[in-house]
Amino acid sequence: MTPPSPARRHAAPFLGLLLAAACAQPLEAGLAEGEANAILVALHDRGIGAHKESEAGAETFEVRVAAEDFARGLDVLRAEGLPRRPPEGLREVFGEGGLVPTATEERARYVAALGGELARSLEAIDGVLEARVHLALPERRLLAVDEAPPRPRASVLLRHRGTEPPFVTGDVQALVAGAVEDLAAEDVAVVGVATPPPPEPSEGGLVTVGPVTVTRSTAGALKGLLAGSLALNVVFAVVMGLVLLRRRRAGPPDEAEAPTP
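Now for a description of the structure that goes with this document. (Residues numbered from 1 in each chain as written. Predicted model: local features only at pLDDT ≥ 70, side-chain atom pairs only at ≥ 80, totals over all residues. Heavy atoms only, no water.)

**Looking at the pairing of strand 3 (residues 61–65)**
Then, in step 1: Across the five residues of strand 3, five count as buried, placing the element largely inside the fold.
Then, in step 2: Residue alternation in strand 3 divides its side chains into two sets, Phe 61, Val 63 and Val 65 and Glu 62 and Arg 64, and both sets are buried.
Then, in step 3: Summarising the sheet, strand 1 (residues 25–31) and strand 3 pair through four bridges and their orientation is antiparallel. Each residue of the ladder has a partner; that of Leu 31, found in strand 3, is Phe 61. (Buried < 20%, exposed > 50% of the residue type's maximum accessible area, 1.4 Å probe, protein only. Helix = DSSP H or I, 4+ residues; strand = E, 2+ residues; numbered from the N terminus. Pairing = 2+ DSSP bridges.)

**Topic: the packing of aromatic side chains**
Then, in step 1: Using the criterion set out here, one finds zero aromatic pairs in the structure.
Then, in step 2: Just above the ring of Phe 61 sits the side chain of Lys 52; from NZ or CZ to the centre is 5.2 Å. (Phe/Tyr/Trp six-rings, centres within 6.5 Å; stacked < 30°, edge-to-face > 60°. Lys NZ or Arg CZ within 6 Å of the ring centre and 35° of its normal.)

**Description of the nonpolar core**
Then, in step 1: Grouped together as the largest cluster of nonpolar side chains are 19 residues, with contacts concentrated most on Leu 135, Val 156, Leu 158 and Val 176.
Then, in step 2: Sorting the residues of this core by element identifies helix 6 (103–123), strand 4 (128–136), strand 5 (153–161) and helix 7 (169–179) as the ones contributing at least two each.
Then, in step 3: Looking at which element gives the most residues to this core, the answer is helix 6, with five residues.
Then, in step 4: Contacts of Val 176, omitting those with residues within four sequence positions, involve Leu 118, Leu 135, Ala 154, Val 156, Leu 183 and Val 188.
Then, in step 5: Core analysis: the next-biggest nonpolar cluster, separate from the first, contains 15 residues, Leu 27, Phe 61, Val 63 and Val 76 among them. (Core = buried A, V, L, I, M, F, W, Y, C linked by side-chain atoms within 4.5 Å. Contact = heavy atoms within 4.5 Å.)

**A closer look at the packing of helix 6 against helix 7**
Then, in step 1: One way to put it is that helix 6 packs onto helix 7 with a least axis distance of 11 Å and a crossing angle of 150°. As judged from the angle between their axes, helix 6 and helix 7 are roughly antiparallel. At the point where helix 6 passes helix 7, the crossing takes the right-handed sense. Side by side, helix 6 and helix 7 meet where Leu 114, Leu 118, Ser 121 and Leu 122 of the first sit next to Val 172, Leu 175, Val 176 and Ala 179 of the second.
Then, in step 2: Counted by class, the contact of helix 6 with helix 7 contains seven nonpolar, one polar and no charged residues. (Axes fitted to C-alpha atoms, helices over the stretch in contact; angles between N-to-C directions. Parallel < 35°, antiparallel > 145°, perpendicular 65-115°, else oblique. Left-handed = near helix turned anticlockwise from the far one by under 90°. Nonpolar A, V, L, I, M, F, W, Y, C, P; charged D, E, K, R; others polar.)

Right, dumping it as structure tokens:
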């Protein structure tokens, strides 16, 4: 029987890692690289091993986790509001060319784009997971000459991390009112929704392999790697022992005979 080649013997320690990667399943797909990186950070902070892979034929990524961590990963994403795709602003709404829109369509697009730009600014506040801005801007051209124009109004919904809001209501009102013509700060309604933090990783989520503490999803791969390395060291020690034993049995080499004069 032909003995295995050295390449196969050296590849054995990495079979555990390959099997672990094959057992992973996608948690989120179709992500930009920044979104994928944010998800990886959130998962790793909660003790969940994950990795990203580029999707074939696209410039997007998917984040994969072990099957036993899939449910916990979804809880983390829900609590952190991930993936966090920015709202459409002026550039996204008006960047695409097309047929000439009607005045009503143009106004609706402008209101939606302005609300998206304000939502982007509010999501920049540390601790705000998601922001939505609804604007009610009256049509001035439909008013009679002696009719007083109605006041514009706005509603802001902010979903934040934890029970205490990370913003001041007056500051949010001033920000929105400053971006909309004739909008008073007192006509901006601000509603905050608290989102509880994701569950802390239990002690069972982390395991100790020798002196190293790793996540449960990577413990099997690490054990396989260590076992393979130990097996290689044992085989190497046995081979070296056999070589030394054979040399001792063979005895010292015969001295060459001196040439006769």
